[in-house]
Amino acid sequence: MEEPSVTVNSTPKTRDYQQEMLDASLKENIIIAQDTGSGKTLIAILRMRYEIERGSQKVSWFLAPTVALCEQQHRVIKDNMQVPVGLIHGALEPKQWTDISLWKRVLENNRVIVSTPQVLLDALSHGYVHMGLDIGFLVFDEAHHADRNHPMSCIMRGFYFSLPPRLPAVSGSSEPAREERPMILGLTASPMFGGNATTAFRTLEANLDCVIRSPRANRGELLTHVHRPIFRHVRYDTPQYLDRDYTSKNLSAVRAVVATMKIEEDPFVIQLRGTLSKTPRGQEYTRLDQKLSKTIMNKKTYSHSGMTELASAAAAICYDIGPWAADWYIDSVVSRALDKQNPYEAFTGSLQPKEKTYLLKHLSQIELTPLSLDPVAIEAGITDKVRVLLDTLEYEKEWSESANEPYSGLIFVTRRDEVLALAEVLRRHPRSAPHFRLGCLLGSSQSSYRNTFLDITRTLLKDQSDVLEDFRSGDRNLIIATSVAEEGLDIQACGNVIRWDLPDNMASWTQSRGRARRRRSSFVLMFESAGIDDARVLEFEKLEHQMTALYQADRAARPTASSDGEEPDEEEPVFKVKSTGATLTPLQAVTHLNHFCSVLPNSGHTAHLPIYDIDPADMPEGWHSFDPQQRVDPPPYPRPFGCTVTLPRLLPAELRVFTVDRTYPSKQSAYRNVAFKAYLALYDANLLNDHLLPLTSVVEPDLEEEVQNLLKDVEKRSGMTSVTSQMNPWQDEEADAVWRATRIVIQGFAPVRMLTRVDLPSFAAGEAPVLYHPLKGRISVELQAQGVARHTLSDIQVTQESTRRLFWCLYGTRMQWDKLDFAYLFEPAEEDPEREVWDARRRWQRGLQGEESHGDDPFANAATFGEAFSYPADISWVRDGFPYGKVYRFLGWRHDPLSEEELEDFSARYSKTPDFEVTYPLLHVEELPRRANFLLPLASTSESSLRRSFLPPHSSRIILLSRVQCDHASLIPSIIRHISVAATAVSLRETLFTGTPPYNIPFRLMITAITAPVAQAHVHYQRLETLGDAVLKFAVSMHLLATYPLWHEGYLTRRKDHAVSNSRLAREAIRLSLYKWIVRDRFTPRKFVPQYFTKGEVTTEITEDVVTEALIGAAYLHGGFDLGIECTRIFGLGWQSLERVEIADSPTQMTDVERMLGYTFTRKLLLVEAITHASYQFDLQTISYERMEFLGDSVLDMVITHHLYHYPGKQFSPGQMHIRKSAVVNMHFLTYICFQCSLEKDASLPRPTRGRIVMDEETQRISLYQCLLHSSPVVFDQQRGTLARYRKVKDEIEEALLHGTTFPWAALTRLQAPKFFSDMIESIIGAVYLDSRGNLDVVRQVLRTLGIMQQLERILKDDVDVVHPLTRLNIWASREHKELTSSFEEERGHVTCTITVEGREPVQATAEKRGRASQEEARFAAAEKAIQLWNVRATDGIKDA
């Protein structure tokens, strides 16, 4: 039963021929072959809408061959869809989308996806998209590209035909998606490029599993809508091809200079010869030998190729357009090149200075003839082809305007350079200039010849982005374009297409003709008069008739897929990862291997690329050394071929070189198969994930989602979480309702009994509270458990009321009188001798207040009280006013008149009081000490004396508590606080650490580790967190180095960053509910509120990852690295220890480096690795230093942080530790150490003197940096350049380091040192650590030998100002609440840094350009200048740092 035809609402009404094709696409896979402009895209949109509306759970995927076409079709599809439409192309770097959840979201969020074929091929290859499960409908726009190894064909061949055939669709089905082939729809204006039409149709149909269809029932309607242009042709003469002397003046000048160039004099050849002569025989020697021979034979150097291509391009322009255009082209290119002679300009790429000089020298020898802009000269300098074009343009313009239509035309030109030259002629020629508003379209192709010297021609063309829009709007009426405008781009306004060059194939013929889209339009071909091109046109017309016949024929059957022109597909190996479906073929392996190498860490001194060596070599060995007269080009080698690929030195030796034997029919096949072998080996070594992509920083991509699932209400912000369930040590849901008694003995004060419903922790020696009283000094407190309290309900009620009275006197303003469910109760532990007296006074007060006291019970009016009780002297506290008055200590009653001074002070305070009158007696009082938090140790300086004064009794209140009760009221909040924190720490220890070594971490360290700074206690975790961070990073680095011996530094760094990331640590902390034990509530005794059983929860923000690191730091302080690592295991990190690192033994000969370090390596291979640069071409068994540098960085950080933490007499804050550590671990300082570390070598030589030979005693100083093993001329040049700068600033740096009060940031920055100098120091430190089997004392001694520890100690001892100017400036801007920004500009070999801040004049500084180091120098200089001009104080930032 046939499916009914479908019509979809809210879209343009389909024409009958479109409906015919839409109906056909519902029944089978088809390729719609219709002319450009006939609405093929609309059919695809309607077909995709049908998929959506029938309830398909799979996406529709629309493929277009170019980025520009993808963007255009995406706009059209999105405007006609009621669902989200995604766009993915190479510019979005989908290769970096290594998180499968990201692809899942793309598939879930978008019902239609538009992309280039390569994007889908990569996603399928890596298993991120499954064709059978994820894609229900697949559209191939410009489907004629699906041939051979085009990505369209690879998609079908690799992922479509292996799927089960599609079953009939069920509308609205909610069943799980079946794994089956998607439906296919192809769109094309020409299903073939050339050749036999029947064969071409069969091939395309087989490749896409489709039948090519064109409207049959409604073909007449189709023809009325496509507006086929009128076909015209014009002919031109080409006499110049018969003239041997035909040329232009500038072309002759270029050819003359090219004739003088000798390949043997090219600096590139000279450099290759020099390098070859120094290279020992081996693989690198063979490569250089081959490269030199090929370069000489082909004359392919940058300079020779550039000059030759300039001459060739100009010659083509001269013959095709004319001498004037050739002269203009040469003049434009050469002038622009010579305007950019500065060696740092980009047009000469990465050439060495000698090559640049050589090229510029020959360019300057070209004797350019000034270009004449006279119309007569231009007319005389064009070919007949241009004149015919001008005739054609005039005719076509008049023909358009005769129908009252404005002219709009496209000229298709094959060569990019001819587009530019022809456009310049038409802009200048008097017959065209006034009538045509020109634009150019060149596309974005990256072919090899445009990456040479002629790359400079890109600058001859202005921005193209608005050309098409201007054409559509009529601001331009003529575009000269390469093939970029042939295919797919929507140019509705075009009425005339002219082919300057004939189409290369049938598709180009059809596509370019289809650009003429107006109802009344023309298509013009330009023929040579000799008739050479006639046969091509007849062939195109014949093929078009054949295609039309095939469209009309009954072609129901689909052919089976076959391969045409390639090696049989079934012989190509295929590897598939079962878990993800990711596949690998030799065709894909080359690009995959290139990508893997490109993401390896790169310092910029060597390119990380796979190097392929074909077997056999193309050239005989030593061919370049033969006599030039005897050199004979080697005959081509037929087959078979083998190949060896060598990967970068960052990889271990066993993963660096791979070989396939001579069994492959072509070089390309050998390349692919050796890449396939190498990539599989990388996967087997776990350097690729199961999607066959390099491992990335998302080592556990589900981490963030897991954190969110663990805490639904957590605000995900680098481990910052909002938590309401903080542990309450005073109540336990599982505890019974029994009260437990604890006797609290307070040195120098009466004891008190505390009742709680939880068992209080038992404190070991040194764990009980210690109070610091401003009057009585240090007070020890002892807690004595007394078991279950034998209290009746009435006893508890009395105790609750006495507890309320105790707290109310000081804290009543924040309490509710009727609320008595305190979490702790207090009563005297011994008989209070004053109790009965004060009980009687309180009863007297209640008698005055009556039943409705509500909080006034503990207070009595002082005047009334004094009269009633004869002005007693046993009062403790008085409150000035009620309820918010200040509390004072009672000194006595003043019956005698005040002195004149006392009266003046008293009157000043109370004279404004209504009915003011001094009546005696007055209350003589003294301020209570400001210190209320008795947990804080006393400061070394004594507090200021307490002020005494007088209070009027009638407006003052007596606090009705005995002296013992007042003492308890002031001391108890601090005791409660200590018990609360201690109970929290004990709970943490008992819950997490029971049965583990960290259980024995001292109590004081445990409390410090869980106390947040926001609590404002006398201890907090920040310093421990800094130490723990260093310990954690060190332990992780050690673990990774041991666990992943094949990982390069890039993987290790990413994995370390992930392992110690806030989110990961937060996940572990959340898993263990660590937030319950973090003390973050601020203890402010003056705002104390007692704990109630019904107290609401308090929400606050915490950083659990910080507490994790603080606990690790506490473990390290108590038990060293072993205990620190044990603590990391509790948090689920499970790090391995040092013993996992296995190091092979090696010769024990002493080396110069060992003498410089004062350390002898047991395993010399560690030292060799530590000084081996990635560019080193010999000793292929040794890996480069990056892994060792990765470890050394953590070791150095650990040693310095440990020293700063334990420095005697200092308690550096984290910021202070960081800024001081930065001074001795930064790249510039370590570079200085690399130069300073040196030794004298005996360089004595024999010399004759007076008839005998004597030794001429001489020594040479060898520096550590000279021991770096490398094979890079760039590294060598940078070593020499940095040495020259070092010699200039050495004395200044040395003087400042030894005697200065300020760290020499400026002089160190002027070294402009590349990173490999500091890398070398860190890698050596890592090697020493491994060789000494983790002995940090040995590392410290080496650091002392290097001078690093002495410099740190001098900074600390003499309090050297180490704040970096940029840091100081940022601190200042932060204090001023202003944003500080810096920007860089590069011009004429210099880098300028501009620093700006709101409200101040911008500040600039300039440095000579030498890479990134010059940016740092410019920014540093600008910061110093800003500090002076903006009046930033020299002390700003020191305290903060």
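Keep in mind that this is a model prediction, so the values were computed, not measured.

The rules behind the values
Residues numbered from 1 in each chain as written. Predicted model: local features only at pLDDT ≥ 70, side-chain atom pairs only at ≥ 80, totals over all residues. Heavy atoms only, no water. Helix = DSSP H or I, 4+ residues; strand = E, 2+ residues; numbered from the N terminus. Contact = heavy atoms within 4.5 Å. Phe/Tyr/Trp six-rings, centres within 6.5 Å; stacked < 30°, edge-to-face > 60°. Lys NZ or Arg CZ within 6 Å of the ring centre and 35° of its normal. Salt bridge = Lys/Arg side-chain N within 4 Å of Asp/Glu carboxyl O. Buried < 20%, exposed > 50% of the residue type's maximum accessible area, 1.4 Å probe, protein only. Axes fitted to C-alpha atoms, helices over the stretch in contact; angles between N-to-C directions. Parallel < 35°, antiparallel > 145°, perpendicular 65-115°, else oblique. Expected span 1.5 Å × (residues − 1). Polar contact = N/O pair within 3.5 Å; in protein donor to acceptor, adjacent residues only side chain to side chain. Pairing = 2+ DSSP bridges. Lys, Arg positive; Asp, Glu negative; His and termini not counted. Core = buried A, V, L, I, M, F, W, Y, C linked by side-chain atoms within 4.5 Å. Left-handed = near helix turned anticlockwise from the far one by under 90°. Nonpolar A, V, L, I, M, F, W, Y, C, P; charged D, E, K, R; others polar. pLDDT = per-residue confidence, 0-100.

## Re the overall build of the protein chain
Across its full length, the protein chain carries 46 helices and 38 strands. For the protein chain, contacts bridging at least 24 residues in sequence account for 74% of all contacts bridging at least 6.

## Re the packing of aromatic side chains
One pass over the structure, following the stated rule, counts 40 aromatic pairs. An angle of 40° between the planes, with centres 4.4 Å apart, marks the rings of Phe 1235 and Tyr 1265 as tilted. With Phe 1235 in helix 39 (residues 1227-1236) and Tyr 1265 in the loop between strand 35 (1259-1263) and helix 40 (1273-1299), the pair connects residues that are 30 residues apart, well separated along the chain. Through a chain of ring-to-ring contacts, three or more aromatic side chains come together here, namely Phe 1229, Tyr 1232, Phe 1235, Tyr 1265, Tyr 1286, Phe 1303, Trp 1305, Phe 1316 and Phe 1317. Across from the ring centre of Tyr 1092, 4.5 Å away, lies the NZ or CZ of Lys 819, which sits over that ring.

## What about the pattern of salt bridges?
Considering all chains together, one arrives at 57 salt bridges under this definition. Glu 51 is paired through a salt bridge with Arg 47; the nearest N and O atoms lie 2.8 Å apart. Placement of both Glu 51 and Arg 47 in helix 2 (residues 40-53) is noted, with a separation of four residues, approximately one turn of the helix. Note on accessibility: Glu 51 and Arg 47 belong to one class, buried. A salt bridge links Lys 1315 to Glu 1189; its shortest N-O distance comes to 3.9 Å.

## Side note on the packing of helix 37 (residues 1186-1205) against helix 43 (residues 1336-1346)
At their nearest, the axes of helix 37 and helix 43 sit 11 Å apart, and the two run at 85° to each other. Our classification of the angle between helix 37 and helix 43 gives roughly perpendicular. Along its contact with helix 37, which presents Val 1195, Leu 1196, Val 1199 and His 1202, the element helix 43 presents Leu 1336, Val 1339, Arg 1340 and Leu 1343.

## Topic: helix 3 (residues 67-79)
The terminal C-alpha atoms of helix 3 lie 18 Å apart, and with 13 residues this matches the ideal 18 Å at 1.5 Å per residue to within 8%. Among the residues of helix 3, Leu 69, Cys 70, Gln 72, Gln 73, His 74 and Ile 77 are the ones counted as buried. Contact partners of the buried residues in helix 3: helix 2, strand 2 (59-63), strand 3 (85-88), strand 4 (112-115) and strand 5 (135-141). Structurally, the start of helix 3 carries an N-cap: the backbone nitrogen of Leu 69 is 3.1 Å from a side-chain oxygen of Thr 66.

## So, the side chain of Ser 1037
For Ser 1037, the location among the structural elements is in helix 31 (residues 1022-1043). The class for Ser 1037 is buried, based on a relative accessible area of 0%. One polar contact links the side chain of Ser 1037 to the main-chain carbonyl oxygen of Lys 1033, over a distance of 2.8 Å. Residue contacts for Ser 1037: discarding those within four places in its chain leaves Lys 1056, Phe 1190, Leu 1191 and Ser 1194.

## Description of the sheet that holds strand 3
Spatial ordering of the open sheet is given by 3-4-2-5-6-1-7, a layout of seven strands whose pairing is parallel. The sheet is open, and its two borders are formed by strand 3 and strand 7 (211-213), each paired with just one other strand. Between one strand and the next, the sheet's axes are offset by a mean angle of 20°, whatever the strand orientation. Bridging between strand 3 and strand 4 involves four bridges; their strand directions are parallel. Directly across from Gly 86, in strand 4, lies its bridge partner Ile 113. Where helix 3 meets the sheet, it contacts strand 2, strand 3, strand 4 and strand 5, and its direction lies at approximately 175° from that of strand 3.

## What to know about the side chain of Asp 832
Note that Asp 832 resides in the loop between strand 24 (824-828) and helix 26 (835-849). The buried charged residue Asp 832 lacks any salt bridge partner; its closest oppositely charged side chain belongs to Arg 835, at an N-O distance of 7.1 Å. A polar contact is formed between the side chain of Asp 832 and the side chain of Ser 962, at a distance of 2.6 Å. Every residue in contact with Asp 832, bar those within four places of it in the chain, is listed here: Ser 962, Val 964 and Gln 965.

## Looking at the environment of Ala 1015
Tracing the backbone shows Ala 1015 in the loop between helix 30 (1003-1010) and helix 31. C-alpha separation for the pair Ala 1015 and Phe 1083, spaced 68 residues apart in sequence, amounts to 6.3 Å. Ignoring any residue separated from it by four or fewer positions in sequence, one finds Ala 1015 in contact with Arg 977, Val 1079, Arg 1080, Asp 1081, Arg 1082 and Phe 1083.

## Let's talk about the pairing of strand 13 (residues 522-528)
With respect to burial, strand 13 is a largely interior element, seven of its seven residues being buried. The side-chain alternation of strand 13 yields two buried faces, one formed by Ser 522, Val 524, Met 526 and Glu 528 and the other by Phe 523, Leu 525 and Phe 527. Where strand 8 (residues 230-236) meets strand 13, seven bridges bridge the pair, whose relative direction is parallel. Counted as the bridge partner of Phe 231 is Phe 523 from strand 13. Pairing of strand 12 (residues 496-499) with strand 13 involves four bridges; the strand directions are parallel. Directly across from Arg 499, in strand 13, lies its bridge partner Leu 525.

## Focus on the nonpolar core
Ranked by size, the top nonpolar core spans 209 residues in total, and within it Phe 596, Phe 807, Phe 826, Leu 1111, Phe 1229, Phe 1303 and Ile 1348 carry the most contacts. Looking at which element gives the most residues to this core, the answer is helix 29 (residues 963-992), with 13 residues. Dropping the residues within four chain positions of it, Phe 1229 is found in contact with Ala 1223, Val 1224, Leu 1297, Phe 1303, Leu 1308, Ile 1348 and Gln 1351. Ala 311, Ala 325, Ile 378 and Val 524 belong to the second largest nonpolar core, which has 60 residues in total.

## What to know about the packing of helix 14 (residues 323-339) against helix 18 (residues 416-428)
Helix 18 packs onto helix 14 with a crossing angle of 115° between their chain directions and a minimal axis gap of 10 Å. By the criterion of interaxial angle, the relationship of helix 14 to helix 18 is roughly perpendicular. Handedness of the crossing formed by helix 14 with helix 18: right-handed. Mapping the contact onto sequence places Trp 324, Ala 325, Trp 328 and Tyr 329 in helix 14 and Asp 417, Leu 420, Ala 421, Glu 424, Val 425 and Arg 428 in helix 18. Grouping the amino acids of the contact of helix 14 with helix 18 by side-chain chemistry returns seven nonpolar, no polar and three charged.

## Description of helix 17 (residues 384-402)
Relative to the 27 Å expected for 19 residues at 1.5 Å per residue, helix 17 spans 27 Å between its end C-alpha atoms, a close match to the ideal helical length. Residues of helix 17 that are buried include every one of Lys 385, Val 386, Val 388, Leu 389, Leu 390, Thr 392, Leu 393, Glu 396, Lys 397, Trp 399 and Ser 400, and no others. Asn 404 lies just past helix 17 and shows a positive phi near 60°.

## Things to note about the sheet that holds strand 38 (residues 1403-1408)
Read across the sheet, three strands follow the order 36-37-38 without closing on themselves; strand pairing throughout is antiparallel. Where the open sheet ends on each side, the last strands, each with one partner, are strand 36 (1380-1387) and strand 38. Each adjacent strand pair in this sheet contributes to an overall mean axis angle of 20°, direction not counted. Bridging between strand 37 (residues 1390-1397) and strand 38 involves six bridges; their strand directions are antiparallel. Of the residues in strand 38, the one forming a bridge with Val 1391 is Ala 1407.

## Topic: the environment of His 1228
In this fold, His 1228 is placed in helix 39. Residues His 1228 and Lys 1315, spaced 87 residues apart in sequence, show a C-alpha to C-alpha distance of 8.7 Å. Those residues in contact with His 1228 that lie beyond four places of it in its chain are Leu 1308, Thr 1309 and Leu 1311.

## Quick notes on the confidence of the model for the protein chain
For the protein chain, per-residue confidence averages 82 on the pLDDT scale, and residues scoring 70 or more make up 83% of the total. Note on residues 341-349: pLDDT under 50 across the span, and 20 contacts to partners over four residues away in sequence or across chains. In the predicted structure, residues 561-570 sits below a pLDDT of 50 and forms 13 contacts with residues beyond four places in sequence or in another chain.

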